[in-house]
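# Geometric and topological summary
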Amino acid sequence: MELTYKLLTPGPLTTTRSVKEQMLFDHCTWDDDYKRITQDIRAHLLRLAHVAPERYTAVLMQGSGTFGNESVLTSVVGDDERVLVCANGAYGDRLAEICRQAGVPVTVYAEPYDTPVDAQRIAAHLAADPSITHVAMVHNETTSGLVNDIEAAGAVAKRAGAAFIVDAMSSFGGIDIPVEDWGIDFIVSSANKCIQGVPGFSFAICRRDLLEGSRGKARSLSLDLYAQWQTMERDGGKWRFTSPTNAVLAFAQALRELEEEGGVSARAARYAENNRLLIERMRALGFEPYLTENQGPIITTFAHPADAAFTFREMYDYVKARGYVIYPGKLTDGDTFRIGTIGEIYPADILNVTSILGEFVATKRKEA
Ligand SMILES: *Cc1c(COP(=O)(O)O)cnc(C)c1O
């Protein structure tokens, strides 16, 4: 039998058949209809971000989400500037790692993985060190499932005159983000998360004047955000190097399907209901969520019960054989696992997977 399952992971996600079918066509890249698809995607992303094309621009970048974060951080923070990275999870830590690796001046403000980033502490860092010119943080920390208050952080950054960079990889399209109203200057996400496309590229929505001012700062040839933007602008939607054509076609379809669903608010409501139902049903099975506060709708971390008569691996294999893939934990303290509630996933799937988990737990209890 053919192996098939749905992904309850934080990306890549389960996508619709109609999104995948777009990839059957091998499109050429140099002519106007392909470039128009890229331009339409760029314009669509600005609408999702609630920003005007006079003030913001969208730049697409080959590679996974990390490539997008790396492109922004290494292209817009100059050698004589400094970025404050606020980290409360592995993805925040990675933002700092990107900076250290590329020699981008960085200061880290760290919180424990179950604690939100605190805007007042950002303000204190900015007040204490005037060399800080940029603030960067993760919106939905996919490590735990915690949603940080980027609106409060953005207000503090603005007040101090610092540019604000947000990694909204696992939230953009699944949580509504009024980018300019929240003081965000650069926001990064990727094709294979809440917009429900397939992997292959990331994108950054950027304040035009700040992107213009970043000219000449890039430390990498292929991840040069300014150069990619210039090519896309001058040549009407051309990518500098080979474009992931099949993923781009799939993404254009994913954007149409997001509109058909009712836009970001409808999708956010579906994800929130998936998440609410998941936590309710998991609790009834004896699995407690790791977070007691600030839990977002994207992914939930559960503690592996200390007295469990089974390993994560056994549970994973059992569930996978029955049509769903769950995710190992990414926390350093304690044994945990994660279940994502995004992608082409509905409450019926949550009922299904929690029934399977219930069956598994009951079987193990009988064996013990
Ligand atoms: C998925 C994700 C990334 C990027 O990961 P890739 O594996 O490079 O796509 C970055 N930040 C967050 C918060 C994420 O969820």
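Predicted model, so just to flag it, every value in this text is computed and none were measured. (Residues numbered from 1 in each chain as written. Predicted model: local features only at pLDDT ≥ 70, side-chain atom pairs only at ≥ 80, totals over all residues. Heavy atoms only, no water.)

### Considerations on the site of the ligand
Near the ligand lie 13 residues; those nearest to it are Ser64, Thr66, Thr142, Asp167 and Lys193. Side-chain polar atom of Ser64 to an oxygen atom of the ligand: 2.5 Å apart, as the coordinates give it. One of the side-chain nitrogen or oxygen atoms of Thr142 is found 2.5 Å away from an oxygen atom of the ligand. Considered on its own, the ligand offers 380 Å² of accessible surface; in the complex 85% of this is hidden by protein. The cavity that encloses the ligand is the largest pocket. Among the elements of the structure, helix H3 (65-76) and helix H4 (90-102) are those that each provide at least two residues to the shell around the ligand. By residue number, the principal contributor to the shell around the ligand is H3, which donates three residues. Per-class residue counts for the shell around the ligand are three nonpolar, seven polar and three charged. (Near = heavy atom within 4 Å. Polar contact = N/O pair within 3.5 Å; in protein donor to acceptor, adjacent residues only side chain to side chain. Areas by Shrake-Rupley, 256 points an atom, 1.4 Å probe, with all protein chains shown as cover. 1 Å grid on protein atoms, 1.4 Å probe; cavity = no way out; pocket = protein on both sides within 12 Å on 5 of 7 lines; lining within 4 Å. Sits in = over half its atoms within 2 Å of the grid points. Helix = DSSP H or I, 4+ residues; strand = E, 2+ residues; numbered from the N terminus. Nonpolar A, V, L, I, M, F, W, Y, C, P; charged D, E, K, R; others polar.)

### Remarks on the domain arrangement of the protein chain
Assigned domains within the protein chain: domain 1 (4-9 + 261-365) and domain 2 (20-258). For domain 1 and domain 2, the distance between their C-alpha centres works out to 28 Å. Contacts between domain 1 and domain 2 engage 24 residues on the former and 25 residues on the latter. Buried surface at the junction of domain 1 and domain 2, summed over both partners, amounts to about 2,000 Å²; 58% is from carbon and sulfur atoms. When the buried surface of domain 1 facing domain 2 is broken down by residue, Val264, Arg267 and Lys330 rank first, second and third, together holding 30% of it. Applying the counting rule to domain 1 against domain 2 returns zero salt bridges. Summed over the shared surface of domain 1 and domain 2, the result is 15 residue pairs in polar contact (both at pLDDT 80 or more). Secondary-structure elements contributing two or more residues to the side of domain 1 that touches domain 2 are helix H10 (263-284) and strand S11 (299-303). The element that contributes the greatest number of residues to the side of domain 1 that touches domain 2 is H10, accounting for six residues. Considering only residue class, the side of domain 1 that touches domain 2 consists of 10 nonpolar, eight polar and six charged. (Domains from an automatic or database assignment. Contact = heavy atoms within 4.5 Å. Buried area = accessible area lost by both parts, 1.4 Å probe. Salt bridge = Lys/Arg side-chain N within 4 Å of Asp/Glu carboxyl O.)

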